[in-house]
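# Structural overview for review
Below are the chains, spelled out letter by letter.
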Amino acid sequence: AIDDSKRSRRIDRIEFFSHGYGPVNTVGLFCGFGGKNALRKNGMLRRNENDVVPVVSNWDGTVTPVIHQIDRCAEIAGVLEREADLLWQLIIEGSFVDFLSDNL
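Below you will find a few notes about this structure. Remember, predicted model here, so these are calculated numbers, not experimental data.

## What to know about the overall build of the protein chain
Check the secondary structure of the protein chain and you find five helices and four strands. Along the chain direction, N to C, the helices and strands of the protein chain fall in the order α-β-α-α-β-β-β-α-α. Expressed as a percentage of the 104 residues in the protein chain, the buried residues total 23%. Working note: accessible area of the protein chain is about 8000 Å², and carbon and sulfur atoms make up 55% of it.

Right under this line is the structure:
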């Protein structure tokens, strides 16, 4: 007899995305070898005048929804951390809605 309790905890499918494709972009290796310049040179980091923070993108230019190992990129992580602190402060103060209406 098969133990059904173990079967329900099993992972049915694992999907692998290569670097620069898919919903998660692992940037630690790039940042370890050249930092943001390596990302920029490969077209995976941009910061336009309208961007509040640097944007990490996939090879096809789409914005990466999740950045893994961003802590390995001190230059980028510092900017994101400062912006996150500002956002958190606005939320605590209750002025986040005002901020959005002024900036969108």
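There is more to say, and it comes next.
## Focus: the environment of P65
Tracing the chain through its elements places P65 in the loop between strand 3 (55–56) and strand 4 (66–68). With near-sequence residues (within four places) excluded, P65 lies in contact with G22 and P23.

## A look at helix 4 (residues 74–93)
The terminal C-alpha atoms of helix 4 lie 28 Å apart, and with 20 residues this matches the ideal 28 Å at 1.5 Å per residue to within 8%. When we look at burial in helix 4, the residues that qualify are I76, A77, V79 and L90. Taken around the axis of helix 4, the buried residues stretch over an arc of 160 degrees, which confines them to a single face. Projecting away from the buried face of helix 4 at angles above 90 degrees are the exposed residues A74, E81, R82, W88, I92 and E93.

About the criteria used
- Residues numbered from 1 in each chain as written.
- Predicted model: local features only at pLDDT ≥ 70, side-chain atom pairs only at ≥ 80, totals over all residues.
- Heavy atoms only, no water.
- Helix = DSSP H or I, 4+ residues; strand = E, 2+ residues; numbered from the N terminus.
- Buried < 20%, exposed > 50% of the residue type's maximum accessible area, 1.4 Å probe, protein only.
- Areas by Shrake-Rupley, 256 points an atom, 1.4 Å probe, with all protein chains shown as cover.
- Contact = heavy atoms within 4.5 Å.
- Expected span 1.5 Å × (residues − 1).
- Arc of directions from axis to C-beta.

Any functional reading would require information that these geometric values do not contain.
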